[in-house]
There are 2 protein chains.
Amino acid sequence: MVWEKELNERKRTILKSIIDDYIKYAQPVGSRTIARKLELGLGSATIRNEMADLEELGYITQPYTSAGRIPSDKGYRFYVEHLMQLHSLAYEEMEKIQAAMSEQIEEINELIKKVSIIISNITGYTSFVLSPQLKKVTIKTIRLIYVDEKMLLLVVVANGGIVKDKIVKHQSNLDEDTVHRLSNFLNKVFSGKTVVELSEQNFLDIQLNLKVPKEAVKIILEAIEDCIRKIDTIDVYLDGVTNILNFPEFSDLLKAREILELLKEEEVVINLVKNPPPGSNLDYKIGSENELNELKELSVITTVYGSDGKNLGTFGVIGPTRMAYGKVVSSIKYIREVLNKELLKILGDDSL
Amino acid sequence: MVWEKELNERKRTILKSIIDDYIKYAQPVGSRTIARKLELGLGSATIRNEMADLEELGYITQPYTSAGRIPSDKGYRFYVEHLMQLHSLAYEEMEKIQAAMSEQIEEINELIKKVSIIISNITGYTSFVLSPQLKKVTIKTIRLIYVDEKMLLLVVVANGGIVKDKIVKHQSNLDEDTVHRLSNFLNKVFSGKTVVELSEQNFLDIQLNLKVPKEAVKIILEAIEDCIRKIDTIDVYLDGVTNILNFPEFSDLLKAREILELLKEEEVVINLVKNPPPGSNLDYKIGSENELNELKELSVITTVYGSDGKNLGTFGVIGPTRMAYGKVVSSIKYIREVLNKELLKILGDDSL
DNA sequence: ATTAGCACTCATTACAGGAGAGTGCTAACA
DNA sequence: TGTTAGCACTCTCCTGTAATGAGTGCTAAT
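Residues numbered from 1 in each chain as written. Chains lettered and ligands numbered in written order. Predicted model: local features only at pLDDT ≥ 70, side-chain atom pairs only at ≥ 80, totals over all residues.

Draft legend 1. Here's a closer look at the interface of chain B and chain A. With 22 residues of chain B in contact, the opposing surface of chain A contributes 22 residues. Broken down by secondary-structure element, the contributors of at least two residues to the side of chain B that touches chain A are strand S4 (139-148), strand S5 (151-158), strand S6 (162-169) and helix H10 (253-264) of chain B. Residues belonging to the side of chain B that touches chain A are distributed by class as follows: 11 nonpolar, 4 polar and 7 charged. (Contact = placed C-beta atoms within 7 Å. Helix = DSSP H or I, 4+ residues; strand = E, 2+ residues; numbered from the N terminus. Nonpolar A, V, L, I, M, F, W, Y, C, P; charged D, E, K, R; others polar.)

Below is the structure:
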């Protein structure tokens, strides 16, 4: 670890104390408070001098002359990188997480949804989970099911147990047998394929080999494409959005509403997570480090999940910059651990 | 229409004027305002006398001595039943509705989702749409698809183009051929059936006829049951929840948060709609008429949708009691009309 | 290097007074 | 009898002022 020359041990202790206090009470914290709390045998005046230094260095600010200090974004950054303490979760919390995630582990998206609920539950902030985006969608099975003569059901099963289906309506009066043959053919052609190439070749093959009307083939291929696109799409699960309203920094209704509106957009959430710095698997975006103006007073903590080192997706927490970083990080780490184990159970060695 | 003896024409006019004004400005309205606005050649003192009567009758109240009047829930009820004017929608609004709902009409749930968005968009309040709850689920097709020797995909297609699928994991190492036979058998047994009876008989039949291990049969039947339950479950689509934050009556953050939390619960929304009075297809729950305490300051307008008189589901609007009832009702009526037409297109004569 | 002491700053609170909106009542009027 | 002008009264809201108090920065003493 690089020793930050500009902050000696005492300044660090004081900075940590200020931030801890501010996280807890959301009130500017003054020199007396710190002096009393730290029990270093230092008077408030000394602390005041140190605080003046910390302010000059940009770690804390004063909302107005002669108020206490509040941490700046730079202060928070230093805090998460050098100062914060991780507390291990309470036994009941671990229990809760385990319990919630191990029941009914059938579908991967169910699990992910649960994760988002449990995170917001444990942390009290807003949580988000992005479903796996498969680097390469491999089709395991593709099937057409005859419903009636103008309607088919297309089912695509991809790796990772992901299933998408789609009703296909057509005008070609296909009979049950034709559909069956078509289904087998498509399955043979596409299964195991990584990137689906809807080449003219395939197109013609189908028509020639199976004597299926052009119209139907076109619609079916489009449907397949559509399903694959859906499989490839990242799903966003949010929970605890209204928790934002709990924090005094968002008592401004308009501001709060703006944020809530914004978080509804899946794109926004997906973009929150972009450009994770390499090296660490935990990413912090603190206040002004966020790109969107509306989010400059929020912090986002993100991590990646996935069994044995494979990056499947991301999840994290959104809260005020004055977030209980220590608590959140410990929770995230623990939940990630459990999630990864569960995923391994569901997916097995199914390479994604 | 029953002529309410207790309110003569003039009182009605005044009441309507008060409510219209209050809906617009959310401010207690005084006698002078009304006198000026109505242009009946009446002085404010006369209006004052009438207002005193209206207050005594319970249609309006005073927030405090010598403030203007605000409508009571009873006032609003009289308003929606006798006074409010329906304005026909602006041409652009009708365009917008048509456009939004006629593109991409493949899946019924897609359509419903769009409806909820368009309602909140047009009205500026919170909208909800409940998906059809089928009185009787008829299975059109049931199919098992072989994925690998420990995994099947169950697909159930019900009437109304509703599809549910479920990955079924088992330990019985079924081969592709067995699955295929099983699939055909199940399809024969179940398709067309209204209520699926998972009788012992069926259970034994399958085992005897197809020599499939007991374990697998049990799991598969459970999965079928599960799919049918899912088909039968009402989906709730909400949109524009944060619109609630726009109204001054919910500037109290705690109250607002409470409501937002509440609306997240699907059950709550489903219960909003219970007990629609027979006769009309438009149902109003105004303020205190709602059962839940947290919703006593909200009004809920609900209607049913469904092609040719068949009640498929409900949708509606949630807003402050001071809702623009006229505007909302006209919007709801128009949207219902369009929705019903679209549903007819999608469902055809498929009897639900 | 530390700190006690002190003057100073600024948000917050409380309080008082005035303006304004609106009422209820009464007496006069058509 | 219904309507209305006039007036006293009520209550909120706004404004200004003063007091409070938390906290600072600086200086001089330790």
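Draft legend 2. Quick look at the sheet that holds strand S7 (residues 236-239) of chain A. Residue and element names in this part refer to chain A. In space, the 5 strands of this open sheet follow the order S7-S3-S10-S9-S8, with antiparallel pairing throughout. With one partner strand each, in any of the chains shown, S7 and strand S8 (282-286) form the two edges of the open sheet. Recorded for the sheet is a direction-independent mean angle of 15° between the axes of neighbouring strands. Pairing of S8 with strand S9 (residues 298-305), which is carried by 5 bridges, proceeds in the antiparallel orientation. Bridging across to S9, Ile 286 finds its partner in Ser 299. Its contacts with the sheet place helix H6 (residues 108-123) against strand S3 (126-130), S7 and strand S10 (313-320), and it is angled at close to 155° to S3. (Pairing = 2+ DSSP bridges. Axes fitted to C-alpha atoms, helices over the stretch in contact; angles between N-to-C directions.)

Draft legend 3. Fine view of the protein's contact with DNA strand D. Taken together, 21 residues form the shell around DNA strand D, and within it Gly30(A), Ser31(A), Gly43(B), Thr46(B) and Ser66(B) come nearest. Elements with a contribution of two residues or more to the surface near DNA strand D: helix H2 (31-38) and helix H3 (44-57) of chain A together with helix H3 (44-57) of chain B. Take the surface near DNA strand D: its biggest share by element is 4 residues, from H3(A). (Near = placed C-beta within 6 Å.)

Draft legend 4. Examining the relation of the copies chain B and chain A more closely. Relative to chain A, chain B is turned by 180° and slid 0.0 Å along the rotation axis, the superposed coordinates differing by an RMSD of 0.0 Å. Such a combination of rotation and displacement between the chain copies is what one expects of a two-fold axis. For chain B, the smallest separation between a C-alpha atom and the rotation axis is recorded for Leu253(B), amounting to 3.8 Å. Taken together, the interface assignments show that 100% of the residues at the interface of chain B recur at the interface of chain A, consistent with an identical surface on both copies. (Least-squares fit on C-alpha atoms with pLDDT ≥ 70 in both.)

Draft legend 5. Spatial organisation of the environment of Pro63(B). Residue and element names in this part refer to chain B. With respect to the helices and strands, the residue Pro 63 is situated in the loop between strand S1 (60-61) and strand S2 (70-71). Taking the number of C-beta atoms within 10 Å as the measure of exposure, Pro 63 has 9 and is therefore exposed. Sequence separation between Pro 63 and Glu 215 is 152 residues, and the spatial gap between their C-alpha atoms is 68 Å. Setting aside residues up to four positions removed in sequence, Pro 63 forms contacts with Pro 28 and Ile 70. (Buried ≥ 20, exposed ≤ 12 C-beta atoms within 10 Å, placed from the backbone.)

Draft legend 6. Layout of H6(A). All names here are of chain A. Taking 1.5 Å of rise per residue, 16 residues should cover 22 Å, and H6 covers 23 Å from first to last C-alpha, within 8% of that figure. Within the sequence span of H6, burial applies to Ile 108, Leu 111, Ile 112, Lys 114, Val 115, Ser 116, Ile 118, Ile 119, Ser 120, Ile 122 and Thr 123. Positive phi appears at Gly 124, one or two residues downstream of H6, with a value of about 80°. (Expected span 1.5 Å × (residues − 1).)

Draft legend 7. Region of the structure containing the nonpolar core. Grouped together as the largest cluster of nonpolar side chains are 186 residues, with contacts concentrated most on Leu154(A), Val155(A), Val156(A), Leu154(B), Val155(B) and Val156(B). What Val155(A) contacts, discounting residues up to four positions off in sequence, is Arg143(A), Ile145(A), Val163(A), Asp165(A), Ile145(B), Leu153(B), Val155(B) and Asp165(B). (Core = buried A, V, L, I, M, F, W, Y, C linked by C-beta atoms within 7 Å.)

Draft legend 8. Spatial organisation of unusual backbone geometry. Positioned with a positive phi, Ser66(A) is a non-glycine residue whose angle comes to about 65°. With respect to the helices and strands, the residue Ser66(A) is situated in the loop between strand S1 (60-61) and strand S2 (70-71). On the neighbour-count criterion, Ser66(A) (6 C-beta atoms within 10 Å) is exposed. The backbone phi angle of Asn173(B) is positive, close to 45°, even though this residue is not glycine.

Draft legend 9. Geometry of the environment of Ser102(B). All names here are of chain B. Tracing the sequence through the fold places Ser 102 in helix H5 (residues 91-102). Judged by the 14 C-beta atoms lying within 10 Å of it, Ser 102 is partly exposed. Here the alpha-carbon distance between Ser 102 and Leu 339, two residues 237 residues apart in the chain, equals 9.3 Å.

Draft legend 10. Just the protein's contact with DNA strand C, in detail. Taken together, 21 residues lie near DNA strand C, and Gly43(A), Thr46(A), Ser66(A), Gly30(B) and Ser31(B) sit nearest. Among the secondary structure elements, those contributing two or more residues to the surface near DNA strand C are H3 of chain A together with helix H2 (31-38) and H3 of chain B. Of the residues that constitute the surface near DNA strand C, the class distribution is 7 nonpolar, 11 polar and 3 charged.

Draft legend 11. Structural context of the domain arrangement of chain A. Residues and elements named next belong to chain A. Looking at chain A, the domain boundaries give domain 1 (9-83), domain 2 (91-132 + 235-347) and domain 3 (139-232). Computed over C-alpha atoms only, the centres of domain 1 and domain 2 are separated by 28 Å. Contacts between the two partners involve 8 residues from domain 1 and, on the opposite side, 11 residues from domain 2. Counting only elements with at least two residues in the side of domain 1 that touches domain 2, the list comes to helix H1 (9-25) and helix H4 (73-83). If one sorts the elements of the side of domain 1 that touches domain 2 by residue count, H4 sits on top with 5 residues. Within the side of domain 1 that touches domain 2, the residues separate by chemical class into 6 nonpolar, no polar and 2 charged. (Domains from an automatic or database assignment.)

Draft legend 12. Just the sheet that holds strand S7 (residues 236-239) of chain B, in detail. Residues and elements named next belong to chain B. With antiparallel pairing, 5 strands are arranged side by side in an open sheet as S7-S3-S10-S9-S8. Edge positions in the sheet fall to S7 and strand S8 (282-286), since each has one partner strand and no second. Averaged over neighbouring strand pairs, the angle between their axes works out to 15° when direction is ignored.

Draft legend 13. The packing of helix H1 (residues 9-25) of chain B against H2(B), seen in detail. Residues and elements named next belong to chain B. Packing of H1 against H2 brings their axes to within 10 Å, and their N-to-C directions diverge by 110°. Accordingly, the angle class assigned to the pair H1 and H2 is roughly perpendicular. Contacts between H1 and H2 involve Thr 13, Ile 14, Ser 17, Ile 18 and Asp 21 on the former and, on the latter, Thr 33, Ile 34, Lys 37 and Leu 38. In terms of residue class, the contact of H1 with H2 is built from 4 nonpolar, 3 polar and 2 charged. (Parallel < 35°, antiparallel > 145°, perpendicular 65-115°, else oblique.)

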